[in-house]
Amino acid sequence: MKYFIQEIAEITGAHTHALRAAEIRILLTDSRSLSEPAVSLFFALLTEHNDGHKYICDLYERGVRNFVVQSAFVCPEEMPEANFLRVPDTLLALQQLAAFHRKQFAIPIIGITGSNGKTIVKEWLYQLLHDQLAIVRSPRSYNSQTGVPLSVWQLNEQTGLGIFEAGISLLGEMQRLESIILPAIGIFTTIGEAHQENFSSQEEKCLEKLQLFESAEKIIFNEDQALVKYCLEKKKLLNKTFSWSKTNANADLFIFRIEKEIDHTIINGEWKMENGKWRIKIPFTDDASIEDTIHCLATILVLSQHSTFNIQHSTIQSRFGKLDPVAMRLDVSKGIHNNILINDTYNSDINSLSIALDFMSRRSMDNPLKRVLILSDILQSGMVPAAFYRKVAELVGQKQVQQIIGIGPNLMSHSNLFDMEKEFYPTTESFLDSGRWRTLKDSIILIKGSRKSRFERISEQLEEKMHQTVLEVDLDAVIHNLKYFRSKLKPEAKVICMVKAFGYGVGSYELAKTLQERGADYLAVALADEGAELRREGIRMPIMVMNPEEHAFNTLFEYRLEPEIYNFKILNAIVRETERRAILNYPIHIKLDTGMNRLGFGAADISLLAEKLNKQQGVTVKSIFSHLAGSDSPLLDDYTAQQIARFNREVSQLEKSLSYPVMKHILNSAGIERFTEAQMDMVRLGIGLYGISAVDEKILRPVAALKTRILQIREVNQEETVGYNRNGFLKRDSRIACLPIGYADGLDRRLGNGRSFVLIQGKKCLIIGNICMDICMVDITGTDAEEGDEAIIFGKEITISELAEKLQTIPYEILTAISPRVKRIYYKE
């Protein structure tokens, strides 16, 4: 679907001035999500902690030309090509546009609300129905004032059914969401304590949520929840309901028996309308999953009465047994002092605490580790604090937590309710300052707090790593090298900076941050986890993943990472996954094999590739590229030219089949220096960024220096030997220094036994004997070096290329071999 900018101005009632023609397909509220600038419309939203207007200049530089802004915003003069739509409220304008878009579709829409279970019910309905219907649904948990309009915007001409979540935290919010979703069928999952803090009672919150269904034709609910039924009656909505119950045989769907086994549950129900019995088997045994399943069953029964659908009951029934779990937001990692850490800082209501404690119990069931809970004040209760924290204390006791560390004034005030080993602190800072976290050992630790509590600082301390050997990274050198390669390109050519393999060993985050500030266009990593880490650290620029794996699709989508697609297996998999998740136009990068004979589509694949790309809507090709096999070698120049020519032919064939333009790139660092004329739309800057040149390294500046310090010095007689296997022979009485660096840190064993040296006080000191795992020994005879003095392994004086030559390898291997346990230190002059 697309709209013209003038149409949008009319829909939102915006004030404009001399609008330039523009087509809009993408609504953007987060500058970090930018993918297609030319067809994006950015809404500069004002929130409690941020102002979208401050990202406008950056987005303009990145190609965005269409903006919805608050009326008081002063448009910068240096943006002559920009369209500005001025409105009193940018969020309201976003919602108005989405509401207009929704009204263009006369299709059934399901709206889901409730305190818990919304996302699971939505995802399971999709799993059950997506083969029979073209479904658009909320991505992830897009159920807020911003998320709902972005979800509804995905509706298109092919959509047969829409499923959207709606969540609220304030009075008056649901009315705005109702006008956007306009559901024909409503599902009310549960009423609980989440987001209770802004409501005077659960009844008030329940009535607010029910506003979503004011115009609905049918409302599905659990009749056993007395408050929900009371509120439906109070709003005069009971006549539109489809009820299910485990106790009332007169309900529309009566669940007369639930059979729990070790690894599955069988649900037996009777449908009043057709006097038909249902028996479904699900691969879950917990009560929440059983209730979510019954909501799905009830919804399918309602849909089956709709003339639009031809739902095969037998097919659906079998699919219940194949439902996939929806991932929990819990992260497990190894901590210091033999601890296991479970991080859950997504929300802080009592229901999610119960789930997290259950998870911890399962993790420690066959493990003698002590159960420790680090808990923040729970902000979403709405109950009288004393009664609420008594309930929390009972839950914690029931889950056999052995020690609680409570953080926050409310927990401190009710510390007497917890009957176990305990300690309490007013703030996260006071707990960290106390140093008590250092005493935690041999424990499984659940770190459970609201985002406001910033418990990630506690996690960082419990995962802290220390090591004397350091890799110094010169960020000014990075900038210098980037400028050098940019000087060889046309102004419009984009640069992809390779930060895979932990930024070629130098550490990806600080490097990525510097490149982002200096206007690099893209980053590229090898694995999805590398990209996710950059996103968590605040990197917002586009990130390519060069070696995506199917099991990492969750990470790709969650962190907006753009995968390289190199064969039909991975293409088919990501298309299926976008369909499963209701994602449209997700950016991908197609790799062609033009002679490297590694990854990539071959010439014979082009026709089928084009056909598959044109038959789906889940992905959009952002770029097509290939990899040169020998651009750094003059001996292979003819072959490089052949690769470039082959790439141009195959890209031309593929482009003709696509209905949109794509970017093209084939040059790597050596290619930029030696085949500049083939720069196309983009280039990939890898090893050159780190100071290695295929032409003249004097042009570039070395980025990294590996340094350590002398641990111990000893006098060794000539007739003695040094190190393992007595391989370290001496020619004289010698002073031998021990350095805390070994092959576990990335110092290659082949450099031992006099084959290489380190610099101490500017003098070359040979490495003596075998290099050990954590230590090496060097001969400092003739120097006045002392314990604690600095030793340089490589840097400006001993280059990485020199070491690579000694080892008959390439500089890449030297850099990427540096262990993560080596601390990275970043500096700018």
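Because the structure is a prediction, the values reported are computed rather than measured. (Residues numbered from 1 in each chain as written. Predicted model: local features only at pLDDT ≥ 70, side-chain atom pairs only at ≥ 80, totals over all residues. Heavy atoms only, no water.)

**Student:** Run through the layout of surface pockets, naming residues and quoting values.
**Tutor:** One number sums up the size of the second largest pocket: a volume of about 820 Å³. Considering the residues around the second largest pocket, the lining is formed by 33 residues, among which His627, Asp632, Asn668, Ile687 and Tyr812 are closest to the centre. Those elements giving two or more residues to the lining of the second largest pocket turn out to be α17 (500-504), α24 (669-674), α25 (800-807) and α26 (811-816). A total of three residues in the lining of the second largest pocket trace back to one element, the largest contributor, which is α25. Residue composition of the lining of the second largest pocket, by class: 15 nonpolar, 10 polar and eight charged. (1 Å grid on protein atoms, 1.4 Å probe; cavity = no way out; pocket = protein on both sides within 12 Å on 5 of 7 lines; lining within 4 Å. Points joined across faces, edges and corners; volume = space filled by probe spheres on them. Helix = DSSP H or I, 4+ residues; strand = E, 2+ residues; numbered from the N terminus. Nonpolar A, V, L, I, M, F, W, Y, C, P; charged D, E, K, R; others polar.)

**Student:** Give me the lowdown on the environment of histidine 306, citing residues and values where you can.
**Tutor:** Here histidine 306 is to be found in the loop between α9 (287-304) and α10 (313-320). Judged by its relative accessible area of 26%, histidine 306 falls in the partly exposed class. Along the sequence, histidine 306 and glutamate 677 sit 371 residues apart, while their C-alpha atoms lie 61 Å from each other. (Buried < 20%, exposed > 50% of the residue type's maximum accessible area, 1.4 Å probe, protein only.)

**Student:** Explain the pairing of strand β13 (residues 253-260) to me, and be specific about the residues and the numbers.
**Tutor:** Pairing of strand β12 (residues 241-245) with β13, which is carried by two bridges, proceeds in the parallel orientation. Pairing of serine 245 across the sheet is with phenylalanine 254, part of β13. Where β13 and strand β14 (residues 265-271) come together, seven bridges link them in antiparallel fashion. For phenylalanine 254, the partnering residue across the bridge sits in β14 and is glutamate 270. In this structure, the hairpin formed by β13 and β14 is closed by a connection of four residues. (Pairing = 2+ DSSP bridges.)

**Student:** A description of the nonpolar core should follow, citing residues and the corresponding values.
**Tutor:** In this structure, Leu515, Leu523, Ile590 and Val778 are the most contacted members of the largest nonpolar core, which totals 107 residues. The residues touching valine 778, leaving out its near neighbours within four places in the chain, are Arg735, Ile736, Ala737, Leu739, Val758, Ile760, Cys765, Leu766, Ile767 and Ile768. Residues Ile112, Leu125, Leu128 and Leu161 belong to the second largest nonpolar core, which totals 38 residues. (Core = buried A, V, L, I, M, F, W, Y, C linked by side-chain atoms within 4.5 Å. Contact = heavy atoms within 4.5 Å.)

**Student:** Please provide a residue-by-residue account of the packing of helix α1 (residues 5-12) against helix α3 (residues 90-102), values included.
**Tutor:** Axis angle and axis distance: for two packed helices, these are the angle between their axes and the distance between the axes, and together they describe the pair. Where α1 meets α3, the closest approach of the two axes is 9 Å, and the angle between their N-to-C directions is 105°. Comparing the axis directions of α1 and α3 gives the class roughly perpendicular. On the side of α1, the interface is formed by Ile8, Ile11 and Thr12, while α3 contributes Ala93, Gln96, Leu97 and Phe100. (Axes fitted to C-alpha atoms, helices over the stretch in contact; angles between N-to-C directions. Parallel < 35°, antiparallel > 145°, perpendicular 65-115°, else oblique.)

**Student:** Go over the environment of isoleucine 110 with me, naming the residues and quoting the values.
**Tutor:** Tracing the backbone shows isoleucine 110 in strand β7 (residues 109-113). Each C-alpha atom, one on isoleucine 110 and one on proline 183, is 5.2 Å from the other, the two residues being 73 residues apart in sequence. In this structure, isoleucine 110 is in contact with Leu125, Leu161, Gly162, Ile163, Phe164, Pro183, Ile185, Ile187, Thr299 and Leu303, ignoring residues within four places of it in sequence.

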